[in-house]
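Below, each chain spelled out in residue letters.
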Amino acid sequence: MKLIKGNVVYSPRCGELVTLPHGALALSDDGVLTEILPAAPEKADAEVIDCGDALILPSFVDMHLHAPQYPMVGLGMDLPLIDWLNTYTFKNEARFADLDFARRTYRRLADDLITGGTTRVCMFSSLHTDATLVLMEELERAGVTGYVGKVNMDRNSGDVLHETTEESKRETLRWLDACGDFRYVKPILTPRFTPSCTDELMAWLGRLAEERGLYVQSHLSENLGEIAWVRELHPDCPQYWETYAKYGLWKDHTVMAHCVHSDEREREAMLRHGVTVAHCADSNINICSGVAPVRLMLDEGLSVTLGSDIAGGAMLAMNRVVTTTIRVSKLRAMKTDGKDGFLTVDEAFCLGTTAGHRWFGADGGFAVGKPLHAIVVDDGGFAEPVRELTLRERFERCVYLMDKSAIRAVWSEGRRVVG
Ligand code: GUN
Ligand code: FE
């Protein structure tokens, strides 16, 4: 048994924060969290890992990002979605036919994720099978866990980044066959978005999801031009979500990025089918997609998680995604004269941690009975406060100010992978 001692802070559910000054987490030898102790015992028959005055928080979960877009973070930020895809993104992703380039990029990405405190991801690769396997290897090596998808896209991508319908099917099967070797990183089916996939491919992916019990991720109602295009492509579907539902891709655990313009009917369909929203606040502002109604979604009982959406989003560090989520929710609150209340620090932190872990089946912030996902944050390097801060105040400052240099240790799936 192990005992990790420090100032424990977590959000068991949205709107609730637990602060345990000088608390502790008890772990089994194989890294499963067995107990959350409000007060660390003086003596323990266990290996003690003393974090001193540092804070112990749940790790972050990035529920939507594009690994091959890591080299283009901070580029093309003045274009709306479809132009941004055609001008920058597809050309950039085409580069991942080169496995040496993929290896270098993905090693860097995996290291930046884990040292930044993100231990679980739901991630898009590119359409390249071999580079996707390289990505999965690098995530495993670094200690990042979660789901990765080889992207399917057999139309509307220009000539630089194209697969035929047959290639897309064949390569998806080849990729799935090769995924069995991974322990912590699993495959998820990833039709890029409706305009990128023919009906035949979507139908085939839906059947594959059903046959093999695979989860699905994609994009939904991100941008008004995109929505109009989807309507032209599928005149039989009253709403965007129905283009996924029609083919069996709209189901429990399906992750839909953005949902900025999802109205009440579309949101109700999410709730009814157990679809999870990956809200990407930074991306939505960068490429002028809009401001998602996150408060409404939460009030309605939807599962809302957060994504960096690299590289529509320009920040990989999830604490910064959390604070951006707060700011963007305040924009919406001001626009609606307070009708849509903004998200508090505790709430947004919950979305970036607890809500994501819940999608993976580990509920409560710190999930007793599950392998530990946690970070240790040392706030000793921040400006000296004018008075002693409460643990709640220290937590708030950590959310706003922490960077890699403050993250002293990271546990992922029960293993200490940093520090
Ligand atoms: N919709 C389809 N592809 C993409 C992508 O790469 N990024 C974003 N933000 N939206 C998309
Ligand atoms: Fe995206």
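Some thoughts on the packing of aromatic side chains
Under the definition given, this model contains 12 aromatic pairs. Their ring planes at 85° and their centres at 6.1 Å tell us that phenylalanine 60 and phenylalanine 349 sit as a pair that is edge-to-face. You can see phenylalanine 60 sitting in strand β5 (residues 60-66) and its partner phenylalanine 349 sitting in helix α12 (residues 345-352), a full 289 residues away along the chain. Since its relative accessible area comes to 1%, phenylalanine 60 is described here as buried.

Structural notes on the sheet that holds strand β1 (residues 2-10)
Spatially, β3-β2-β1-β4-β15-β16-β17 is the arrangement adopted by the seven strands of the open sheet, whose pairing is mixed. The open sheet is flanked by β3 (33-37) and β17 (415-418), the only strands paired with a single partner. On average, each strand axis in the sheet is tilted by 35° relative to the strand beside it, whichever way the strands run. Pairing geometry for strand β16 (residues 407-412) and β17, over three bridges, is antiparallel. The partner of serine 412 across the bridge, within β17, is arginine 415. In the packing of helix α14 (residues 391-401) onto the sheet, contacts are made with β1, β2 (18-27), β4 (47-58) and β15 (374-377), and the angle to β4 comes to roughly 70°.

Quick word on the packing of α12 against α14
Helix packing geometry: the angle between the two helix axes and the distance between the axes. α14 packs onto α12 with a crossing angle of 55° between their chain directions and a minimal axis gap of 11 Å. As judged from the angle between their axes, α12 and α14 are oblique. Here α12 runs over α14; the crossing is left-handed. Residues Val345, Asp346 and Phe349 of α12 form the contact with α14, whose participating residues are Arg392, Phe395, Glu396, Val399 and Tyr400.

Regarding the side chain of histidine 357
Its location among the elements puts histidine 357 in helix α13 (residues 354-359). Once you skip the residues sitting within four places of it in the chain, histidine 357 turns out to touch Ser59, Val61, Thr119, Arg120, Ala362, Gly365 and His373.

Considerations on the packing of helix α3 (residues 129-142) against helix α4 (residues 165-178)
Between α3 and α4, the least distance of the axes is 10 Å, while the angle of their chain directions is 25°. As far as their axial angle goes, α4 and α3 are roughly parallel. Like other packed secondary-structure pairs, α3 and α4 cross with a definite hand, here right-handed. Between α3 and α4, the residues in contact are Thr129, Asp130, Thr132, Leu133 and Met136 and Glu171, Arg174, Trp175 and Ala178, respectively. Among the residues making up the contact of α3 with α4, the classes are represented as four nonpolar, two polar and three charged.

A word on empty space enclosed by the protein
Taken as a whole, this structure holds five cavities of 30 Å³ or more when the rule is applied. In this structure, the largest cavity occupies an estimated 100 Å³ of space. Along the walls of the largest cavity sit His66, Gln69, Leu81, Trp84, Leu85, Arg192, Phe193, His219, Glu222, His258 and Asp309, which together make up its complete lining. Looking at the lining of the largest cavity, the element that brings in the most residues is helix α1 (residues 81-94), giving three residues. Its residues placed into classes, the lining of the largest cavity shows four nonpolar, four polar and three charged.

Details of a nonpolar patch on the surface
On the surface, a nonpolar cluster with roughly 290 Å² of combined accessible area is contributed by Ile285, Leu331 and Met334. Note that methionine 334 resides in helix α11 (residues 318-335).

Looking at the site of ligand 1
In the region of ligand 1, the neighbouring residues are His66, Gln69, Leu81, Trp84, Leu85, Arg192, Phe193, His219, Glu222, His258 and Asp309. Histidine 258 is positioned with one of its side-chain polar atoms (N or O) 3.5 Å from a nitrogen atom of ligand 1. Protein coverage of the free-state accessible area of ligand 1, which is 280 Å², stands at 100%. Looking at which element gives the most residues to the shell around ligand 1, the answer is α1, with three residues.

Topic: the pairing of strand β7 (residues 145-149)
Where burial is concerned, most of β7 is hidden: five out of the five residues are buried. Relative to β7, strand β6 (residues 118-124) runs parallel, the two sharing five bridges. Across the sheet, the residue bridging to methionine 123 is valine 148, located in β7. For the crossover that starts at β6, traverses α3 and ends in the parallel β7, the hand is right-handed. Sheet topology note: the β7/strand β9 (residues 185-187) ladder contains three bridges and is parallel. From the neighbouring strand, glycine 146 faces β9, where its bridge partner is valine 185.

Overview of the pairing of β6
In terms of burial, β6 is a largely internal element, seven of the seven residues being buried. In terms of strand pairing, β5 meets β6 through five bridges, oriented parallel. Of the residues in β6, the one forming a bridge with histidine 66 is phenylalanine 124.

Thresholds, definitions, all that
Residues numbered from 1 in each chain as written. Chains lettered and ligands numbered in written order. Predicted model: local features only at pLDDT ≥ 70, side-chain atom pairs only at ≥ 80, totals over all residues. Heavy atoms only, no water. Phe/Tyr/Trp six-rings, centres within 6.5 Å; stacked < 30°, edge-to-face > 60°. Helix = DSSP H or I, 4+ residues; strand = E, 2+ residues; numbered from the N terminus. Buried < 20%, exposed > 50% of the residue type's maximum accessible area, 1.4 Å probe, protein only. Pairing = 2+ DSSP bridges. Axes fitted to C-alpha atoms, helices over the stretch in contact; angles between N-to-C directions. Contact = heavy atoms within 4.5 Å. Parallel < 35°, antiparallel > 145°, perpendicular 65-115°, else oblique. Left-handed = near helix turned anticlockwise from the far one by under 90°. Nonpolar A, V, L, I, M, F, W, Y, C, P; charged D, E, K, R; others polar. 1 Å grid on protein atoms, 1.4 Å probe; cavity = no way out; pocket = protein on both sides within 12 Å on 5 of 7 lines; lining within 4 Å. Points joined across faces, edges and corners; volume = space filled by probe spheres on them. Patch = residues over 30% accessible without salt bridge, like charges linked within 9 Å, V, L, I, M, F, W, Y side chains within 5 Å. Areas by Shrake-Rupley, 256 points an atom, 1.4 Å probe, with all protein chains shown as cover. Salt bridge = Lys/Arg side-chain N within 4 Å of Asp/Glu carboxyl O. Near = heavy atom within 4 Å. Polar contact = N/O pair within 3.5 Å; in protein donor to acceptor, adjacent residues only side chain to side chain. Right-handed = clockwise from strand over helix to strand, strands pointing away.

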